[in-house]
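Each chain is listed here by its residues.
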Amino acid sequence: MNVYFHTFGCKANQYDTERVRQAFDASGATVVDDPAVADLAVINSCTVTNESEVKLRRLVRHVAKHGHAQTIVMGCAAALDDGAIAALPGVRAVVANADPANVLTAAGMSFPLAATRSGGQGVRTRGLLKIQDGCDEHCTFCATTLARGANRSRPVAELIEEAQMLAEQHAEIVLTGVHIGTYGLDRSSPPAATRRGGQGVRTFGQLLESLITAVPTVRFRLGSVEATEVDDTLAGLLIEAPSNLAAHLHAPLQSGANCVLKRMGRHWYTAESYRARIEWLAERLPVFGLGADVIAGFPGETEDDHHASLTLLHALPFTYLHVFPFSVRPDAPAARLPGQLRPEVIRDRARELRELGEAKAAAYREYRRGQTADGVVTGHRKGQIEVMTEDYLSVYLDTHVWDGRPRFEVTVN
Ligand code: SF4
């Protein structure tokens, strides 16, 4: 059976797709790049933006029109499907989340035992390690909690074993999940006296310490982490272990106005506490890649609130921004909040935020140009390699000047 895979959304989804792909591989299926030659298409869906669901429907129709493949839709949008996805042409099954056994069953295949220990190998050139799934928060713009359920941390020993396997093929491992800063908070047992081998790990920082001790040869990188969930252990590793942990933080801000944060249900930080944590880190990290997610035009956001976001973003040393114009997610409570803004207001505010993000990214690049960095090769394209620096800059080099090492000192160009 020829199987085509496509992933929408975040790194947690990429990780999940890879596990399903490995299960199909172990069952004797052949993975193909072109849906036109596939017997089955497996699409991992995302529900974070309206746009991702529009793209999902477009891809499902495209698969049905160009070839003979049936489609299985899995993931977050599938988990919340009210029948609309199931009714799309060629859809064989809609599978909530991305459990490999369930997807194989939906495809009429059995689950191979060999697939149960699979890690994230083969996900691009960097390895992905999903440390937890789900989230206990209820941000009003987010349907992820509904789709993925409560916080569930994976056992430390299992993560160490998977990281060791990944390290055989990857110079960098990205720690990913849905809300990784809450790692361990779903466990109630008291800590053991030692963390050797992972015993006694209760927090994300402690997990990272254990991983670095067990797998000292790779560079770890944090996926998206809330700024105020960077505890002293994590901060200490960022500052003191630069070869083990990339100096990069992607810390969702969403808004710089406290009243908007409150309406978003993001109760665990304020603009002031976010700023204090980032400034503390920035003072101690000579090189620091810093990104944030920001939502433009959340319901009830005033001009003053928007300017509070711009002011905060301006003041902090961001090196890039991910800006999301607010879009109504029918499953998320924000769809029913008063003060929904006109599309042109949302668009204009998103543009302003994006322009600020682009200006800050360009300024940081200029500042780093000519300096050396710790580079890991993350891709190849058209006679060039892409090298990712510790502070999340991409440097492109001609393949013929590369000596084949996966990690080396590179000059930012
Ligand atoms: S913290 Fe908020 S935005 Fe992030 S996954 Fe949880 S509910 Fe969604």
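Residues numbered from 1 in each chain as written. Predicted model: local features only at pLDDT ≥ 70, side-chain atom pairs only at ≥ 80, totals over all residues. Heavy atoms only, no water.

Another point: the pattern of salt bridges. Overall, the coordinates contain 29 salt bridges when judged by the stated rule. A salt bridge links Glu172 to Arg126; the shortest N-O distance between them is 3.0 Å. Highlighted residues: Glu172 in strand β9 (residues 172-176) and Arg126 in the loop between α4 (100-106) and β6 (127-130), separated in sequence by 46 residues. Accessibility expressed as a relative area gives 0% for Glu172, which makes it buried. (Salt bridge = Lys/Arg side-chain N within 4 Å of Asp/Glu carboxyl O. Helix = DSSP H or I, 4+ residues; strand = E, 2+ residues; numbered from the N terminus. Buried < 20%, exposed > 50% of the residue type's maximum accessible area, 1.4 Å probe, protein only.)

Glancing now at unusual backbone geometry. In this model, Gln254 sits at a positive phi of 75°, which is unusual for a non-glycine residue. In this structure, Gln254 sits in the loop between β11 (248-250) and α9 (258-264). At Lys382, a position not held by glycine, the phi torsion is positive, near 40°.

Let us now look at the side chain of Thr140. With respect to the element layout, Thr140 can be found in the loop between β7 (132-133) and α5 (144-148). Taking the relative accessible area as the measure of exposure, Thr140 reaches 14% and is therefore buried. Of the polar contacts made by the side chain of Thr140, one reaches the backbone oxygen of Arg263; its length is 2.9 Å. Once residues lying within four places of it in the same chain are set aside, the contact partners of Thr140 are Arg263, Met264, Gly265, Phe298, Ala332, Pro333, Ala334 and Leu337. (Polar contact = N/O pair within 3.5 Å; in protein donor to acceptor, adjacent residues only side chain to side chain. Contact = heavy atoms within 4.5 Å.)

This brings us to the confidence of the model for the protein chain. Residues at a pLDDT of 70 or more form 93% of the protein chain, whose mean pLDDT is 91. Throughout residues 114-124 the model reports pLDDT below 50, and contacts reaching past four residues in sequence, or to other chains, amount to 36 contacts. Of the regions scoring below 50 in pLDDT, residues 190-194 engages in seven contacts with residues more than four places distant in sequence or in other chains. (pLDDT = per-residue confidence, 0-100.)

The next thing to look at is the pairing of strand β4 (residues 70-75). Regular strands have side chains that alternate between both faces of the sheet. Among the six residues in β4, five count as buried, and that is most of the element. Viewed along the sheet, the connection from strand β3 (residues 40-45) through helix α2 (residues 50-65) into β4 turns out right-handed. As paired strands, β4 and strand β5 (residues 91-96) are joined by four bridges and run parallel to one another. Across the sheet, the residue bridging to Val73 is Val94, located in β5. (Right-handed = clockwise from strand over helix to strand, strands pointing away. Pairing = 2+ DSSP bridges.)

Attention now moves to the packing of aromatic side chains. Scanning the model with the defined rule gives six aromatic pairs in all. Between Arg277 and the ring centre of Trp280, over which it is positioned, the NZ or CZ distance is 4.9 Å. Seen from the ring of Tyr396, Arg381 lies directly overhead, with NZ or CZ sitting 4.3 Å from the centre. (Phe/Tyr/Trp six-rings, centres within 6.5 Å; stacked < 30°, edge-to-face > 60°. Lys NZ or Arg CZ within 6 Å of the ring centre and 35° of its normal.)

Taken together, the neighbourhood of the ligand is formed by Cys135, Glu137, Cys139, Phe141, Cys142, Thr145, Val178, His179, Arg266 and Trp268. Broken down by class, the residue content of the shell around the ligand amounts to six nonpolar, two polar and two charged. (Near = heavy atom within 4 Å. Nonpolar A, V, L, I, M, F, W, Y, C, P; charged D, E, K, R; others polar.)

On to the environment of Leu312, then. With respect to the secondary-structure elements, Leu312 resides in helix α11 (residues 303-315). Through-space distance from the C-alpha of Leu312 to that of Gly256 is 6.0 Å; in sequence the pair is 56 residues apart. If near-sequence neighbours (up to four positions away) are discounted, Leu312 is found in contact with Leu253, Gly256, Ala271 and Arg275.

This paragraph deals with the sheet that holds strand β16 (residues 394-398). Sheet strands line up and pair through hydrogen bonds in the backbone, either parallel or antiparallel. Here we have four strands laid out as an open sheet, ordered β16-β15-β14-β17, and antiparallel in their pairing. The outermost strands of the open sheet, each flanked by one partner alone, are β16 and β17 (407-411). Each strand of the sheet is rotated relative to its neighbour by a mean of 50°, with strand direction disregarded. Where strand β14 (residues 372-381) and strand β15 (residues 384-388) come together, five bridges link them in antiparallel fashion. Along β15, the bridge assignment pairs Val377 with Val387. (Axes fitted to C-alpha atoms, helices over the stretch in contact; angles between N-to-C directions.)

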